[in-house]
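Commentary on secondary and tertiary structure
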Amino acid sequence: MLVKLVSLCLFVGLGVSDAVLLAQRASERPKPAQGVEASVYIVTPSQITWTDPPAEVARGTPSIAPGSPLRYAPIQGDPLKPGVPFAIRLQCPDGYKVAPHWHARDENIVVLEGAFSLGTGDRFDTGRMQDIPAGGYGLVRGQVHHFALCKGKTDMLVYGIGPRLNNWISVSSATSTHGTEAKVAAK
């Protein structure tokens with residue numbers, strides 16, 4: 001009986017000392033600065049407001065007509081503000097064309113519905129395009145000249161760091177020094 005009592009005391013004593021050690025380690029962990037709280041940002045489909053893209057997002061004149069309207073919805077941040085993270089949704093109908101253009105910073109694209117066919121270069125050329133299917137991801141590095149085509153009703157999430165401006169490449173400036181050719185990598 002005495003052996004059982006001693007064993008029980010040791011077991012309880014070890015449990016208490018482990019709890020004390022865990023509490024000490026927890027108090028040694030870095031704590032957020034006072035007043036800083038963890039938060040989440042959630043946007044449900046019913047909260048999305050679709051509009052036309054802001055007029056100030058485009059610089060210059062596109063070399064080809066899109067063929068139909070583009071729908072735009074700001075999700076988070078302001079894509080026109082320098083250094084600010086942003087997320088936007090874009091919807092385009094089947095056959096919508098995006099003329100050759102470039103952005104100063106990287107552009108991340110997640111296709112939610114349809115397919116977004118992407119090509120690089122200064123001239124719109126369907127033979128140089130590769131599809132990003134629904135559920136797929138694409139990255140276009142900053143300064144890379146690119147163009148696109150929506151296949152089927154296409155819905156995309158585009159995110160990055162602002163400003164996100166479309167610098168259209170006119171046919172006459174197709175040989176500009178910004179013309180970076182890049183092969184679209186298959187994944």
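Now for a description of the structure that goes with this document.

**Structural notes on the state of the cysteines**
Tallied over the full model, the rule gives 1 disulfide. Linked covalently through their sulfurs, Cys 92 and Cys 150 form a disulfide whose S-S length is 1.8 Å. For the disulfide bridge between Cys 92 and Cys 150, the dihedral angle about the S-S bond is near -75°, and by the sign convention the bridge is left-handed. Taken together, the residues span a long stretch of sequence, with Cys 92 in strand β3 (residues 85-92) and Cys 150 in strand β8 (residues 146-161) at a distance of 58 residues.

**Looking at the layout of surface pockets**
Size it by volume and the largest pocket reaches roughly 520 Å³. In terms of lining residues, the largest pocket is bounded by 32 residues, among which Pro 53, Leu 70, Tyr 96, Asn 166 and Trp 168 are the most central. Every element with two or more residues in the lining of the largest pocket is listed here: β3, β4 (97-102), β5 (107-120), β8 and β9 (166-168). Here the residues of the lining of the largest pocket sort into 25 nonpolar, 4 polar and 3 charged.

**Considering the pairing of β4**
When you tally the buried positions in β4, you get 5 out of 6 residues, the bulk of the element. Looking at chain direction, β4 and β9 are connected through 2 bridges and run antiparallel. Bridging across to β9, Trp 102 finds its partner in Asn 167.

**Observations regarding empty space enclosed by the protein**
Empty pockets left among the atoms are what a rolling probe the size of a water molecule brings to light. Overall, the coordinates contain 1 cavity of 30 Å³ or more when judged by the stated rule. Of the volumes computed, that of the largest cavity is approximately 40 Å³. If you go around the largest cavity, the residues you meet are Phe 86, His 103, Arg 105, Asp 106, Glu 107, Ile 161, Pro 163 and Arg 164. Its residues placed into classes, the lining of the largest cavity shows 3 nonpolar, 1 polar and 4 charged.

Reading guide: rules and limits
Residues numbered from 1 in each chain as written. Predicted model: local features only at pLDDT ≥ 70, side-chain atom pairs only at ≥ 80, totals over all residues. Heavy atoms only, no water. Disulfide = S-S within 2.5 Å. Helix = DSSP H or I, 4+ residues; strand = E, 2+ residues; numbered from the N terminus. 1 Å grid on protein atoms, 1.4 Å probe; cavity = no way out; pocket = protein on both sides within 12 Å on 5 of 7 lines; lining within 4 Å. Points joined across faces, edges and corners; volume = space filled by probe spheres on them. Nonpolar A, V, L, I, M, F, W, Y, C, P; charged D, E, K, R; others polar. Buried < 20%, exposed > 50% of the residue type's maximum accessible area, 1.4 Å probe, protein only. Pairing = 2+ DSSP bridges.

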